[in-house]
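Understanding the architecture of this molecule
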Amino acid sequence: MKSCLITHIGDPDGAFPIIFCNLVLENTEFFSCEVDEVDDITNEVLSHHEDYKKIYVVDLCFSEEIAIKINNDDILKNKVLVFDHHASREPLNKYPFIKVLSENNGRKECGTTVFLEYLQEFTNNKILYKNSLTEMVELVRELDTYDFIEDKKEDAFKLGDLYNIYGRDNYIENYTNFVKNNDYFFFTEFEDKILKIEKDRKERYIDEKLELVKKATIDGIPVGIVFAERYRSDLGHAIVTKMPDVDIAIIINIDRSVSYRASKNEVDVNVLAIPNGGGGHKHAGGSAIPEGLEEKIVEYIFKDIKWDK
Ligand SMILES: [Mn+2]
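Here the structure is a predicted model, which means the values were calculated and not measured.

1. Things to note about the overall build of the chain
- When helices and strands are tallied, the chain shows twelve helices and 13 strands.
- In summary, the chain has a C-alpha radius of gyration of 20 Å against a globular reference of 19 Å for 309 residues, a match within 12%.
- In terms of principal-axis extent, the alpha carbons of the chain reach across some 55 × 50 × 45 Å.
- For the chain, with 309 residues in total, the buried portion stands at 35%.

In structure tokens, the structure reads:
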């Protein structure tokens, strides 16, 4: 019988859980989604839960409403398992099938690390202890939480950049095979070359976007707002470090979501993300794009537009 994995679509922290399943579970069905889609997808999966022996939700967590529904169902309660690290979801730890761990002994956790620890114990499969895998997992953790160990920081960014270069599916396939075939982690010569090109490209992109940041105040909080579709973390980080008068960087990706980034100790992005229906970590969060926004923009530009039915 197959398993089901619902995970975050945005980054390596949502991709590595798929790699683990490829390595140690016989048959897994994958659903990758945005934070605001997790409730709908979970409900959809739960409606035919008899197809699955286990349903994993990783690097994401559904709403308390769904948690209550699962908790009241003896079958679902033993089938669904959540492994997340977003602090805003920590109150849901009161449900036995939900594990939200944002920090452990001063080390910040990510979805990948919390899920790996479970799978190592659950399957006891040696491949999950291979140095090639655990080394990459540490890089994913550092990149996802910005909890860097100085001499690994550059490699963490490189592994993140390769996610964008390869594309999600190829990245997953590539690193599934890499772990199978290698005991230790390394970047190939070809990857190093392409990463250098990508690095230059990213720097140009961020420099261009920094010029376009508009400063404003929301609820008394000084913000810097920019529209961007790529490198949201690096761009957000660049805004809050290069513009000291900005407390929260807001990056709007019309097709995807709104991202919030901060770096000052006293600033928590949730003060803006939660009222907008989102949430996340203290220094990195997101919220959904309001429905119909793209249409509104087009209608603002072309006043007498008529949409095809
Ligand atoms: Mn994550």
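2. Digging into the sheet that holds strand E12 (residues 279-280)
- Taken together, six strands build an open sheet; the order of strands is E8-E9-E10-E11-E13-E12 and the sheet is mixed. Looking at strand neighbours, the two that pair on one side only are strand E8 (214-218) and E12, the edges of this open sheet.
- As paired elements, strand E9 (residues 221-227) and strand E10 (residues 248-252) share five bridges and run parallel to each other. What sits directly across from isoleucine 225, in E10, is isoleucine 250.

3. Observations regarding unusual backbone geometry
- One non-glycine residue, tyrosine 146, lies in the positive phi region at around 55 degrees.
- Relative to the helices and strands, tyrosine 146 resides in the loop between helix H6 (131-145) and helix H7 (153-166).
- Positive phi, close to 50 degrees, is recorded for tyrosine 231, a residue that is not glycine.
- Within the secondary structure layout, tyrosine 231 lies in the loop between E9 and helix H10 (232-242).

4. A few points about H10
- Taken together, the buried positions of H10 are occupied by Arg232, Leu235, Gly236, Ile239 and Val240. Viewed end-on, H10 has its buried residues packed into an arc of 125 degrees, placing them on one side of the element. The exposed residues of H10 that point more than 90 degrees off its buried face are Thr241 and Lys242.
- Against helix H9 (189-211), E9, E10 and strand E11 (257-261) lie the buried residues of H10.

5. Concerning the packing of H9 against H10
- Running from N to C, H9 and H10 cross one another at 50 degrees; their axes reach a closest spacing of 10 Å. Our classification of the angle between H9 and H10 gives oblique. The hand of the H9/H10 crossing is right-handed. Of the residues in H10, those in contact with Lys202, Ile206, Lys209 and Leu210 of H9 are Asp234, Leu235, Ala238, Ile239 and Lys242.
- Grouping the amino acids of the contact of H9 with H10 by side-chain chemistry returns five nonpolar, no polar and four charged.

Each value, and the rule that gives it
Residues numbered from 1 in each chain as written. Predicted model: local features only at pLDDT ≥ 70, side-chain atom pairs only at ≥ 80, totals over all residues. Helix = DSSP H or I, 4+ residues; strand = E, 2+ residues; numbered from the N terminus. Rg over C-alpha atoms; globule rule 2.2 N^0.38 Å. Buried ≥ 20, exposed ≤ 12 C-beta atoms within 10 Å, placed from the backbone. Pairing = 2+ DSSP bridges. Arc of directions from axis to C-beta. Contact = placed C-beta atoms within 7 Å. Axes fitted to C-alpha atoms, helices over the stretch in contact; angles between N-to-C directions. Parallel < 35°, antiparallel > 145°, perpendicular 65-115°, else oblique. Left-handed = near helix turned anticlockwise from the far one by under 90°. Nonpolar A, V, L, I, M, F, W, Y, C, P; charged D, E, K, R; others polar.

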